[in-house]
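# Topology and contacts: notes
This is what each chain is made of:
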Amino acid sequence: MPQEEKRLFVDMVGRLSWETQLHLDERHHHFYINKIFIIIVSVLLMILAAVNVYYVAVLYEDLNGIVDNMDSMHGNMQKVSSRMAHITDNVKEFEVYMRRMDNIIISTGAMATMMPSISASMGQMDKDIAVMNADMGKMANGMLHVDQRFKHMTQGVNVMRHHVREIAHPMGTMNPFMP
């Protein structure tokens, strides 16, 4: 019987050794598959990271371009606004000159008694000047409205420029990480 027990023990140890080796081979195979999967996922993540960095760099450049355009637009709007103010001032001065034309009409009344043809012409001029005076008043009001609208547009561009800078600022902090 001791011989049979030894043989059973050797068989049991052999089976245990075979199953342990089978388990180790299976474990090695799974580790190999996991290693390949991890490498593939790592490569994909690195490609995705490179694409993301590229897109962030492009977005940063685009936002800088937008901010530069906003600055340029703001400068141009200020120039237009100052020119519109100058035009409005000129229209107001022209209106003052048109009001002084009334004095000329009064002075020509004396001439009308001497020269009837001049009187008729002056009457027509009086009507035309009154129409021109009314039109100039309307133009002056219109120019004031245009000037106010340009000021509002300039203020809107200022607000837009501020917000775009606020958006672009975090992109600037990413600059050291960009290629």
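Higher on the page you've got the structure.
For clarity, every value in this text was computed on a predicted model and none was experimentally measured. (Residues numbered from 1 in each chain as written. Predicted model: local features only at pLDDT ≥ 70, side-chain atom pairs only at ≥ 80, totals over all residues. Heavy atoms only, no water.)

## Some details on the side chain of Arg 161
Position of Arg 161 among the secondary structure elements: in helix α2 (residues 116-173). Sequence-distant contacts of Arg 161, that is, excluding residues within four places in its chain, are made with Met 70, Asp 71 and His 74. (Helix = DSSP H or I, 4+ residues; strand = E, 2+ residues; numbered from the N terminus. Contact = heavy atoms within 4.5 Å.)

## Focus on the pattern of salt bridges
Across all of its chains, the model carries three salt bridges by this definition. Between Asp 11 and Arg 7 there is a salt bridge, with the nearest N and O atoms lying 3.4 Å from each other. Of the two residues, Asp 11 and Arg 7 both sit in helix α1 (residues 2-114), four residues apart, roughly one turn of that helix. Given the relative accessible area of 34%, Asp 11 is considered partly exposed. Between Arg 161 and Asp 71 there is a salt bridge; the shortest N-O distance is 3.3 Å. A residue pair is termed long-range when its members are at least 10 positions apart, and Arg 161 in helix α2 and Asp 71 in helix α1 qualify at 90 residues. Overall, the relative accessible area of 26% leaves Asp 71 in the partly exposed class. Connected through shared salt-bridge partners, Asp 71, Arg 161 and Arg 165 make up one network. (Salt bridge = Lys/Arg side-chain N within 4 Å of Asp/Glu carboxyl O. Buried < 20%, exposed > 50% of the residue type's maximum accessible area, 1.4 Å probe, protein only.)

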